[in-house]
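Inside the fold
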Amino acid sequence: QPPPPFSPPPGHRSRSVPGWEYRGYDTFPAMFFGGNVTAPGLNGRRQLQFDARHQLVGFASFGDEGMKNPAQLSASAAGNRSGYIAPAERWQAANILALSEVVATTSASRTQATFAYRQGMYALYYFNSTNYFLDNPSLLWHDDQGKICWYPYGALYNFTAEGFESAFMTHVIEELCDEAAHSGVNAVFFDGVDGLSRMPPHGSPFSTNCSIDRLHLNPSDYEGMMIAQAKVFARAAARLNQCGIWPMYSFGNAIDPDISRSRGYPASLKVSLDILKESNATWARYYEFWEAGPWGVSSGYGIRNAVQEAQLYGIPLAAHAYPAGTASGGSLNTSATYSVAAFLIAQTEYSYYGVSDVEPSCEPPAKQWSDCGWTWHKEYDFKYGVPLGPPREIRHGLWSREFENAIITVDETITAANITIRNPSEQLLYNL
């Protein structure tokens, strides 16, 4: 039995959730979220030592031989039990326990917390809890011909089905609480927590194998799904906090109602955030495609939405960016200056940042989420210090913020940034 990982050192204040002291102003709050693409899914010591340089470390360890087996994936997507892959929670727990040993024996380690991965939109075919939903298909989405609707890696949850909320809490959330008790994991990233409420033709997941016209859904149905998902995840956040777990929820929606409509959502993100606020739980917003150029800003994945969430709801951000402010795909510029600067503008306590690239050496299918897509960036090596005030918007899209040891300027309208560091004197520029 290894000691509990990542315990706060003596003399530091303790919090129920998050259960660690935030040190993101002492050193840069770098985040790592990698998936091992070699069976059996366990990281070697060299990889773990690299992981340990980050303050927040996440694993998407699925025993990824299944992710590269088309026949197995096809069986999974069709709802065939032969497609089920050995429980990923065991791989994740094994990696977290292995990391805890490296952290305990590495003086340069900065890791304070670890997070597991879960899906908020479908029953991902890598977890033991999926068995329950396959055995109880009434909890999954069907079309009017009785066909189960699936996404590439699992069957879609029906959050509005009778008994779904109780089943999700009993099987998905309690599975996480058990994982925390075994491995010491103290955070979880839930992907796609409002993904079912995005209406066609903007990318509704139902069109994967279920024809939209066979579902007979109207805008009020999509809003009902949005509300149902928010209620489940509000209850989940409260229970996870009891287990010592800090949830990070990934939304595609935005507070700005104009952005919501343009993205195909039936209502503003405020609808979901107001429901989550009633839980009195502690959680963070996970931003995929953080500041991914003009598209990211226009989709609400930028400074304004993050600042509003912090000011209105006290929600910190976990930002996953791509180099040079671009989205995924291709071989990207390795500069992280722009998205780091945008993160610093919006940073609050318990905010974290990570950036991954699509390295040619990475194996498909998820290069930018694989271990090999993550490298260390020089922007992580500076101490920016505590912010001396809130973000200032000088004009639309032009932001500034001063820190103890740096002045940050970001112009979202031209995807440009200036990080001026006082000591040591250095200036990092992007697109200027």
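Keep in mind that what you see is a predicted model, and the values were worked out from it rather than measured.

Parameters at a glance
- Residues numbered from 1 in each chain as written.
- Predicted model: local features only at pLDDT ≥ 70, side-chain atom pairs only at ≥ 80, totals over all residues.
- Heavy atoms only, no water.
- Helix = DSSP H or I, 4+ residues; strand = E, 2+ residues; numbered from the N terminus.
- Buried < 20%, exposed > 50% of the residue type's maximum accessible area, 1.4 Å probe, protein only.
- Contact = heavy atoms within 4.5 Å.
- Areas by Shrake-Rupley, 256 points an atom, 1.4 Å probe, with all protein chains shown as cover.
- Phe/Tyr/Trp six-rings, centres within 6.5 Å; stacked < 30°, edge-to-face > 60°.
- Salt bridge = Lys/Arg side-chain N within 4 Å of Asp/Glu carboxyl O.
- Core = buried A, V, L, I, M, F, W, Y, C linked by side-chain atoms within 4.5 Å.

When helices and strands are counted, the protein chain shows eleven helices and 16 strands. Within the protein chain, the proportion of its 432 residues that are buried is 59%. When contacts within the protein chain are restricted to residue pairs at least 6 apart in sequence, long-range pairs at least 24 apart make up 70% of them. When the accessible surface of the protein chain is split by element, carbon and sulfur atoms take 51% of a total near 16,700 Å².

Let us look at the packing of aromatic side chains. All chains considered together, the criterion is met by 44 aromatic pairs. Aromatic pair Phe-33 and Phe-115: ring centres 5.4 Å apart, planes at 35°, arrangement tilted. Residue Phe-33 is found in strand 1 (residues 31–34), and its partner Phe-115 is found in strand 3 (residues 113–119); the two are separated by 82 residues along the sequence. Overall, the relative accessible area of 0% leaves Phe-115 in the buried class.

So, on to the pattern of salt bridges. The tally for this structure, following the rule as stated, stands at ten salt bridges. Measuring nitrogen to oxygen at the nearest pair gives 3.7 Å for the salt bridge that ties Arg-214 to Asp-144. Highlighted residues: Arg-214 in the loop between strand 7 (187–191) and helix 6 (219–242) and Asp-144 in the loop between helix 4 (130–135) and strand 5 (150–151), separated in sequence by 70 residues. On the accessibility criterion, Arg-214 (35% relative accessible area) is partly exposed. Taking the relative accessible area as the measure of exposure, Asp-144 reaches 40% and is therefore partly exposed.

If you look at the biggest cluster of nonpolar residues, it comprises 129 residues, and the most contacted ones within it are Phe-190, Trp-246, Tyr-249, Trp-290, Tyr-353 and Tyr-384. The element best represented in this core is helix 6, accounting for ten residues. Excluding its chain neighbours within four sequence positions, the residues that come into contact with Tyr-353 are Phe-28, Pro-29, Ala-30, Met-31, Trp-290, Ala-319, Ala-321, Ala-336, Ser-339, Val-340, Phe-343 and Tyr-380.

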